[in-house]
Amino acid sequence: MNQKDIEAFVKKYYRLLAIFCIVVSIATAVMAQTPSGPPMGPGPYRPSALVELVKLDPTIRLDIRYATADNFFGKAVYSEPRAFLQRPAADALLSVHRRLKAQGYGLVVYDAYRPWSVTKLFWDITPPEKRVFVADPAVGSVHNRGCAVDVGLFDLRTGREVEMTGAYDEMTERSFVTYTGGTVEQRARRDLLRKAMEQDGYFFVYPEEWWHYNFKDSREYAIQDIPFSAIGSPSEPKK
Ligand SMILES: [Zn+2]
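Residues numbered from 1 in each chain as written. Predicted model: local features only at pLDDT ≥ 70, side-chain atom pairs only at ≥ 80, totals over all residues.

1. Overview of the pairing of strand β7 (residues 209–215)
For clarity, the cut-off: Using C-beta atoms placed from the backbone, we call a residue buried if 20 or more other C-beta atoms fall within 10 Å of its own, exposed if 12 or fewer do, and partly exposed for counts in between. Numbered from the N terminus, helices here are DSSP runs of H or I no shorter than four residues, and strands are runs of E no shorter than two. When DSSP finds at least two bridges between two strands, those strands are taken to pair.
With six of seven residues buried, β7 lies mostly within the body of the structure. The sheet contact formed by strand β6 (residues 203–206) and β7 spans four bridges and is antiparallel. Looking at the pairing, Y206 lines up with E209 of β7. The turn joining β6 and β7, which pair antiparallel and follow one another in sequence, is formed by two residues.

Here you go:
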């Protein structure tokens, strides 16, 4: 190599290095803005055993708001009004439902397992000051693990859902379990629901939402993004 060749080589090398640096910085910027999918977490996890609540007990009531336009999003985000939980959580929930019968109530389920992509959608459309009411998709929701359930009560005598201190998914302080406003009856029913749900130590309320309960072993299940149509159950094998 003579002097000229060396200079040409160095020039070429620097040009390649510059192109490489530009490509890396563009890729990094794109990746920072593009959602990378559900967080995996440390694991190991129990195998998923999502079961459909009405298959285990058809007397539990469903009012799946995200399968209708009657929700804070204003549009249906589920194609089917169905509710699934991991088997131990489903069993614990149904035992609460059966016990409430003696008090004249049944459980109405607003939401249970929720695919991660729906959590991401909710986060993206919610203004930052209201994000205490939605889960950060970078962490995932307990709903994504099939271990959270949104519930209310219905009156066995009238068949009607009972009023609580605030509406389901309402993004105000009326949703807090410590909210002291509303009527005596509304607070009493909210507290009755909480007592029934927490009695066995399987579920714990989310203090900012009277309807949201987490199952105690939620961390043992992975975050999932499978649609309802892809979920099988022991009594109904996946087709
Ligand atoms: Zn919830």
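2. Overview of the environment of T126
Let me state the cut-off plainly: Note on contacts: each residue gets a C-beta atom placed from the backbone, and two residues are in contact if those atoms are within 7 Å.
Within the fold, T126 resides in the loop between α4 (116–125) and β5 (148–155). Here T126 falls in the partly exposed class, since 16 other C-beta atoms lie within 10 Å of it. Between the alpha carbons of T126 and F73 there is a distance of 9.0 Å; along the sequence they are 53 residues apart. Residues contacting T126, with those up to four places away along its chain left out, are R131 and V134.

3. Some details on the nonpolar core
One recurring pattern in soluble globular proteins: nonpolar side chains tend to sit buried together. Under the convention used in this document: Definition of nonpolar core: a set of buried Ala, Val, Leu, Ile, Met, Phe, Trp, Tyr and Cys residues joined via C-beta atoms within 7 Å.
Formed by 38 residues in total, the largest nonpolar core has its most connected members in L85, L93, L107, V109, A112, V149 and V151. When contributions to this core are tallied by element, the ones reaching two or more residues are β1 (50–52), β3 (84–86), α3 (87–100), β4 (105–111), β5, α5 (184–198) and β7. Setting aside its immediate chain neighbours within four residues, V151 contacts L107, V108, V109, Y110, L193, W211 and Y213.

4. Re unusual backbone geometry
Cis peptide bonds are those with omega within 30 degrees of zero, and the linkage from G43 to P44 qualifies with -5°. You can see P44 is positioned in the loop between α1 (3–33) and β1. Within the chain, D169 stands out as a residue other than glycine whose phi angle is a positive 70°. Along the chain, the position of D169 falls in the loop between β5 and α5.

5. What to know about the sheet that holds β6
Applicable threshold: Axes here refer to lines fitted to C-alpha atoms; in helices the fit is confined to the stretch in contact. Angles between the N-to-C directions go from 0 to 180 degrees.
What the five strands build is an open sheet, ordered β2-β4-β5-β7-β6; its pairing is mixed. What marks the edges here is a single partner per strand, and that holds for β2 (61–62) and β6. Where α3 meets the sheet, its contacts fall on β4, β5, β6 and β7, and the angle it forms with β4 comes to roughly 145°. Here α5 sits on the sheet and contacts β5, β6 and β7; the angle it forms with β6, its principal contact strand, is near 145°.

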